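Chain and residue survey
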Amino acid sequence: MKTKYWIICLSIFFVACSRNMNDIYTGGGEEEEKKINKDDFFDFITTRNCQLVIDYGMKVQTAFYLYDEYPMELVGNTWEFKDINPIYAASTDVNGKFISKVSLPAYLKKVWLVTDHVLVVSPVELELPADGLTFNYADYKAQLSAGGRSRAIMGGVGYPDGYDVLGHWDENGIPDYLLSEKLDIPGAFLERCSSLSRSILVDNRNLLERFPELRTSGNNDMVITKATGLVATYFDFSSIAWENMVAYYTYKEGETVDIATIKKTILIPRSGKNAPKSLVGEQIRLKYWNKENGNYEDEFPKGTHIGWVLLGMGFGKEKGALLRYSNPAYNDNKEQRSVLLSDPELDNCFFMAMEDNVDMRFNDVQFAIMASIPSSVESTPSIPDEVNKDEISYIVKGALAYEDNWPDKNDYDMNDVVIYYSSTVVKDKSSNALVRTTTTFTPMNDGATYTNGFGFQLDDVGKEHIDLVRVSQDGNVIADHFDPDTEKPVLVLFPNIKPVLKKPVTVVIGFKKYDKVSDMDAYPPYNPFVFVNERSHEVHLSGYKPTSVADESLRGTGSDLSQDSNGNPMYYIAEDNMPFAINISNIEFKWPPEKVSITTYYPKFKQWRDSFGKDYKDWFLYPEGQ
């Protein structure tokens, strides 16, 4: 975090572990001020600020999310998002690029990258190097393509009986008729498709019940009003468990259709979670079957109707596919199984969504269709306008543990005050500016005889950048402004932990829209502190400055070190290089029993400290005996 007030050389994280970290006090005697060698200092941070570089290589702003575990699970025949939250979220610029410092739990070795964009493979598992994460989507797709090709099946192509094909595909379902030169797809259209597609993934309701205007009394076939070419684009299919195929057929207005015998052509050989990820974003030109001359043509004549067939579990089978039609008349129970949606502003862009089974979310097959000639396709219901699409959010959580005997040395059982916190960080999608944070602090343990209160300070954001403060408990607002006696924004949430144990306190802070405050400037849990018996006796995390009302005369007394050997000021670090408070990121900390030092209860804690955070970053996952 930014709120460090001494200089720390990065090289200290790689110093050999052989130094005796328990013998670093360099003072010459009791009358000489206690100091610590600068290179021996460790800040006990369980997060790390690392450089994050994302490049999707597309000229469209793209929201993305990082998860600390695989974020999807199989429910029935559909992959759905688990009920978990991302640990970080942001948007690229209009060129699909993002470069910034981000704060992540230090113990994580990998993350899963998820995006809203329908042309981007998601989730992607990524290793998390110590020096930060760089992800280039073009390079990733090239690796997928290089590793995804397999033996081409040029003869006896396996597909269901009664269907024609536009070409061949290999045993993985990759067609040999993909366009070599892709058509550009308008970014505004993709944003609308992406917004709807993601909302379908996270909302388990029936799509037609959510948006009744998408119900049709007739069919969902495409009607050509002007001769035009058509191109289909694969959207991300990470949610599809079945191995589906998509076919189409054509007929004229008023023509009698025998659905069993009409010529049907396979467009997409394979669509599903196990299909090659390299297909996402690829394009196929639809061909019109001219039955008069027995040839496929690139242009669909005026008056042509195009019907669609989803062949559920059809890939690799000659028989047994479950057929779902865009015309409900051909479906069991006459159910609507597809929606063909127009872009409200672009009259040649369409979003097709199809349902293969029973949940009726219409996320089993999704693809785009673009017409080469404007105003050449009869208009259909518009893509619904999704709410909250201008905001993105993620969760920061963890635990705070304090020793309240500062500045005197204590037993380091880190259980005098333990507080869990969970914060929803909301940002503006277009600018990445902070909109608000909603943080719940829950006092979990009071292991002290003293009276301990709790509060926090915002170190890097002034009061002038904040337009909302609301503190509530049990549904009642208990404060709506910062402490008027402090220079920086400070909130005291409770003066005594004892009567509020297990009673959450929620703090909402809103930031002025045009001030563009960064989430790194107000990163939860901010600068949290306890105060012991009286307001001026504050105990903070190592390296964090006290508030302007704290008693500065206590610094440098007892076991507290007030400066390093170079004269740089230090805050809340003991002469044996132990902290008086610690923030354990991303977990619910199991605190040690009374009078049991954290170094005893968590045997890997000392090794973590001695290695300057290089080793055993997950020390808090291994209590004594486990």
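For the structure given in this document, a descriptive report is provided here. Computed from a prediction, not measured in an experiment: that's the story for all the values here.

Right, let's talk about the overall build of the protein for a bit. In terms of helices and strands, the protein carries 5 helices and 35 strands. Here the analysis covers contacts within the protein between residues at least 6 apart in sequence; of these, 72% occur between residues at least 24 apart. Element-wise, carbon and sulfur atoms account for 48% of the exposed surface of the protein, whose accessible area totals about 26,000 Å². Counting 64 positive and 91 negative side-chain charges, the protein places the averaged centre of each group 3 Å from the other.

Checked against the element boundaries, Arg470 lands in strand 28 (residues 466-473). Along the primary structure Arg470 and Thr438 are separated by 32 residues, whereas in three dimensions their C-alpha atoms are 9.4 Å apart. Setting aside its immediate chain neighbours within four residues, Arg470 contacts Val477, Ala479, Thr506, Val507 and Val508.

Moving on to the sheet that holds strand 27 (residues 452-457). Across the sheet, 4 strands lie side by side as 30-27-32-33; this open sheet has antiparallel pairing. In the strand order of this sheet, the two ends are held by strand 30 (490-494) and strand 33 (538-540), each with one partner. Ignoring strand direction, the axes of neighbouring strands in this sheet form an average angle of 30°. Across 6 bridges, strand 27 lies against strand 32 (residues 527-532) in antiparallel orientation. Across the sheet, residue Gly455 finds its bridge partner in strand 32, namely Phe529.

With that out of the way, let us pick up the environment of Asn244. Along the chain, Asn244 turns up in strand 14 (residues 244-252). When the C-alpha atoms of Asn244 and Gly312 are compared, they prove to be 4.8 Å apart, with 68 residues separating the residues in sequence. In contact with Asn244, not counting residues within four places along its chain, are Pro269, Arg270, Ser271, Leu310, Leu311, Gly312, Met313, Gly314, Asp356, Asp364 and Val365.

For the structure shown, the criterion picks out 5 cavities of 30 Å³ or more. Estimates place the volume of the largest cavity at around 190 Å³. Along the wall of the largest cavity there are 17 residues; nearest its centre are Thr115, Ser197, Leu201, Asp236 and Ser238. Within the residue set of the lining of the largest cavity, elements represented by two or more residues are strand 8 (110-115) and helix 2 (187-202). With 3 residues, the single largest contributor to the lining of the largest cavity is helix 2. Of the residues in the lining of the largest cavity, the class split is 6 nonpolar, 8 polar and 3 charged.

So, about the pairing of strand 19 (residues 304-312). Regular strands place side chains that alternate from one sheet face to the opposite one. Taking burial as the measure, the 9 residues of strand 19 include 9 buried ones, the bulk of the element. Pairing between strand 14 and strand 19: 8 bridges, direction antiparallel. By the bridge assignment for strand 19, Tyr248 is matched with Trp308. Two elements, strand 19 and strand 20 (residues 322-325), share 4 bridges in a ladder whose sense is antiparallel. Counted as the bridge partner of Leu311 is Leu323 from strand 20.

With that out of the way, let us pick up the nonpolar core. Ranked by internal contacts, the top residues of the largest apolar core, which has 180 residues, are Tyr88, Met222, Trp308, Phe367, Leu493 and Trp619. The element that contributes the greatest number of residues to this core is strand 24 (residues 391-402), accounting for 7 residues. If we skip the residues at most four places from it in the chain, Met222 touches Leu230, Thr304, His305, Ile306, Trp308, Leu340, Phe350, Ile369 and Val377.

The subject of this paragraph is the packing of aromatic side chains. In this structure the tally under the stated criterion is 37 aromatic pairs. Their ring planes at 15° and their centres at 6.1 Å tell us that Phe44 and Phe605 sit as a pair that is stacked. Of this pair, Phe44 sits in the loop between strand 1 (35-36) and strand 2 (47-55) while Phe605 sits in helix 5 (residues 604-610), and the two are 561 residues apart along the sequence. Residue classification places Phe44 among the buried residues on the basis of a relative accessible area of 3%. Since its relative accessible area comes to 1%, Phe605 is described here as buried.

Once that is clear, we can look at the pattern of salt bridges. Per the counting criterion, the structure on display carries 23 salt bridges. Here Glu255 ties to Lys291 by a salt bridge, and the two come within 3.3 Å at their closest N and O atoms. Of the two residues, Glu255 sits in the loop between strand 14 and strand 15 (264-271) while Lys291 sits in the loop between strand 17 (288-290) and strand 18 (295-297), which places them 36 residues apart along the sequence. In this structure Lys291 comes out as exposed when scored by relative accessible area, which is 58%. The residue Glu552 makes a salt bridge to Arg555 at a minimum N-O spacing of 3.4 Å. On the basis of relative accessible area, Glu552 is assigned to the partly exposed category, the value being 42%. Connected through salt bridges with shared partners, the residues Arg192, Asp343 and Glu345 form a single ionic network.

A word on the state of the cysteines. Tallied over the entire structure, the rule returns 0 disulfides. Cysteine Cys349 remains unbridged, with the sulfur of Cys193 as its closest cysteine sulfur at 8.1 Å. Of the residues examined, Cys349 reaches a relative accessible area of 1% and is grouped as buried.

With that settled, consider helix 2. End to end, helix 2 covers 22 Å across 16 residues, agreeing with the expected 22 Å (1.5 Å per residue, within 8%). Where burial is concerned, most of helix 2 is hidden: 12 out of the 16 residues are buried. Regarding helix 2, the residues found buried are Phe189, Leu190, Arg192, Cys193, Ser194, Ser195, Leu196, Ser197, Arg198, Ser199, Ile200 and Leu201.

Attention shifts here to the sheet that holds strand 29 (residues 476-479). With antiparallel pairing, 7 strands are arranged side by side in an open sheet as 29-28-31-26-25-24-35. Where the open sheet ends on each side, the last strands, each with one partner, are strand 29 and strand 35 (581-585). On average, each strand axis in the sheet is inclined to that of its neighbour by 25°, with strand direction left out of account. The pairing of strand 28 with strand 31 (residues 505-511) spans 6 bridges and is antiparallel. Looking at strand 31, one finds that Leu468 is bridged to Gly510.

Turning next to unusual backbone geometry. For the bond running from Ser122 to Pro123, omega is -5°, close enough to zero to count as cis. Within the fold, Pro123 resides in the loop between strand 8 and strand 9 (124-127). With omega at 10°, the peptide bond leading from Trp406 into Pro407 counts as cis. Its location among the elements puts Pro407 in the loop between strand 24 and strand 25 (417-428).

Calculation criteria
Residues numbered from 1 in each chain as written. Predicted model: local features only at pLDDT ≥ 70, side-chain atom pairs only at ≥ 80, totals over all residues. Heavy atoms only, no water. Helix = DSSP H or I, 4+ residues; strand = E, 2+ residues; numbered from the N terminus. Contact = heavy atoms within 4.5 Å. Areas by Shrake-Rupley, 256 points an atom, 1.4 Å probe, with all protein chains shown as cover. Lys, Arg positive; Asp, Glu negative; His and termini not counted. Charge placed at Lys NZ, Arg CZ, Asp CG, Glu CD. Pairing = 2+ DSSP bridges. Axes fitted to C-alpha atoms, helices over the stretch in contact; angles between N-to-C directions. 1 Å grid on protein atoms, 1.4 Å probe; cavity = no way out; pocket = protein on both sides within 12 Å on 5 of 7 lines; lining within 4 Å. Points joined across faces, edges and corners; volume = space filled by probe spheres on them. Nonpolar A, V, L, I, M, F, W, Y, C, P; charged D, E, K, R; others polar. Buried < 20%, exposed > 50% of the residue type's maximum accessible area, 1.4 Å probe, protein only. Core = buried A, V, L, I, M, F, W, Y, C linked by side-chain atoms within 4.5 Å. Phe/Tyr/Trp six-rings, centres within 6.5 Å; stacked < 30°, edge-to-face > 60°. Salt bridge = Lys/Arg side-chain N within 4 Å of Asp/Glu carboxyl O. Disulfide = S-S within 2.5 Å. Expected span 1.5 Å × (residues − 1).

The values are spatial; any link to function lies outside them.
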